[in-house]
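One-letter residues, chain by chain:
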Amino acid sequence: MKIIIILCVIIITSSYKQNGGCRSYPEAKETNRKLIKGYPAAPGQIKWQVGIYYNSSGVTHFCGGALISNQWVLTAAHCVYNSQSFDVFLGGTHAYRRQYGKILTKIKMAVLHPLYNTSTYENDVAMIQLIRRVSFSYFIQPIALPKHNNYLKSNEDVWVSGYDSGGCLVQYINQRWTHVGIVSFTSSIGCTRGAPSGFARTAAMLDFIYAAISHYS
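Residues numbered from 1 in each chain as written. Predicted model: local features only at pLDDT ≥ 70, side-chain atom pairs only at ≥ 80, totals over all residues. Heavy atoms only, no water.

Engineer: Got a minute to help me understand the overall build of the chain in this structure?
Structural biologist: Each helix and strand in the chain was counted, giving one helix and 13 strands. In the chain, the succession of helices and strands from N to C terminus is β-β-β-β-β-β-β-β-β-β-β-β-β-α. Counting only residues that meet the buried cut, the chain has 50% of its 217 residues in that class. The long-range fraction of contacts in the chain, counting pairs at least 24 apart against all pairs at least 6 apart in sequence, stands at 63%. Summed over its atoms, the accessible surface of the chain is roughly 11,400 Å², and 49% of this surface lies on carbon and sulfur atoms. (Helix = DSSP H or I, 4+ residues; strand = E, 2+ residues; numbered from the N terminus. Buried < 20%, exposed > 50% of the residue type's maximum accessible area, 1.4 Å probe, protein only. Contact = heavy atoms within 4.5 Å. Areas by Shrake-Rupley, 256 points an atom, 1.4 Å probe, with all protein chains shown as cover.)

Right under this line is the structure:
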């Protein structure tokens, strides 16, 4: 079962913080004991969250992503590398259930960062252009991108949402939620052992993001 989960993360230490400091999303009822210090999102709570089914070598995989406009999704490069087909859903909180407000769509193309390194995961970022523009609703809205100089400092509160890789690391900046990182990797020993996770810094990828939109839109 894949559902959107929300975690509050403290940058640098990669520890999770409960109550005391992190700005709260609207509350959602805890329904899954497999979540690690997080909770399932309520419908319409994480409006920019995207789910991506992709086929690689005949096997279907699953990644997260973020809607940044009415036709573009930001995700991790390893989610699209050597993949042959994609299906994207928006407006839902569960990967395999029908939900009111949830839509499923195809893609027009996937644009991989030209300097993505499959060994080191450097530049682990990609853009997906949807086959048609989506209409925004209570359940579907884009998330803001950061400014070029928006680099996180130590001990800042951020939130991560999604299913596995490609999901969103966000921060509340100037009265709006802003995309600051793309989920790249987690430790092979699991989330409960205190090992850090890796994120691609969104601000460092803005030139690639805007160039892809400008060139292909």
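Engineer: Whenever I open this one, the sheet that holds strand β3 (residues 49-56) confuses me. Can you help?
Structural biologist: Strand pairing in a sheet is mediated by backbone hydrogen bonds. Such pairs are either parallel or antiparallel. Pairing in this open sheet of seven strands is antiparallel, and the strands run β7-β6-β3-β4-β5-β9-β8 from one edge to the other. Edge positions in the open sheet fall to β7 (103-105) and β8 (107-112), since each of these has one partner strand only. Going across the sheet, the axis of each strand differs from the next one's by a mean of 30°, ignoring polarity. Pairing geometry for β3 and strand β4 (residues 59-67), over eight bridges, is antiparallel. Bridging across to β4, Gly51 finds its partner in Gly64. (Pairing = 2+ DSSP bridges. Axes fitted to C-alpha atoms, helices over the stretch in contact; angles between N-to-C directions.)

Engineer: Sorry, what's going on with helix α1 (residues 206-216) here?
Structural biologist: Here α1 has its buried residues at Leu206, Phe208, Ile209 and Ala212. Check the buried side of α1 and you find it contacts β5 (72-75), β8 and β9 (126-130).

Engineer: Is there a simple way to explain the packing of aromatic side chains in this structure?
Structural biologist: The relative placement of two aromatic rings is captured by the distance of their centres and the angle of their planes. If you walk through the whole model with that rule in mind, you get nine aromatic pairs. With centroids separated by 5.9 Å and ring planes inclined at 65°, the aromatic side chains of Tyr81 and Tyr116 adopt a geometry described as edge-to-face. Taken together, the positions of Tyr81 in the loop between β5 and β6 (85-90) and Tyr116 in the loop between β8 and β9 put the pair 35 residues apart, joining distant regions of the chain. On the accessibility criterion, Tyr116 (12% relative accessible area) is buried. Following the ring pairs from residue to residue traces out a cluster consisting of Tyr81, Tyr116, Tyr121 and Phe185. Between the NZ or CZ atom of Lys47 and the centre of the ring of Tyr138, over which it lies, the distance is 3.7 Å. The ring of Phe89 carries the charged tip of Lys102 above its face, separated from the ring centre by 4.4 Å. (Phe/Tyr/Trp six-rings, centres within 6.5 Å; stacked < 30°, edge-to-face > 60°. Lys NZ or Arg CZ within 6 Å of the ring centre and 35° of its normal.)

Engineer: What's the story with the pairing of β3 in this structure? I'm lost.
Structural biologist: Successive side chains on a regular strand alternate, one facing one side of the sheet and the next facing the other. Most of β3 sits out of view: eight of its eight residues are buried. Burial of the side chains of β3 extends over both faces: Gln49, Gly51, Tyr53 and Asn55 are buried on one face and Val50, Ile52, Tyr54 and Ser56 on the other. The turn linking β3 back onto β4 is made up of two residues, and Ser57 within it adopts a positive phi angle of 55°. Bridge count between β3 and β6: six bridges; the pairing is antiparallel.

Engineer: Mind showing me how you'd approach the state of the cysteines here?
Structural biologist: Each disulfide consists of one covalent bond between the sulfur atoms belonging to two cysteines. Scanning the model with the defined rule gives one disulfide in all. Bridging Cys63 to Cys79, the disulfide has an S-S length of 1.9 Å. With the S-S dihedral at roughly -70°, the linkage between Cys63 and Cys79 falls on the left-handed side. In this pair, Cys63 sits in strand β4 while Cys79 sits in the loop between β5 and β6, placing the two residues 16 residues apart along the sequence. You can call Cys63 buried: its relative accessible area is 1%. (Disulfide = S-S within 2.5 Å.)

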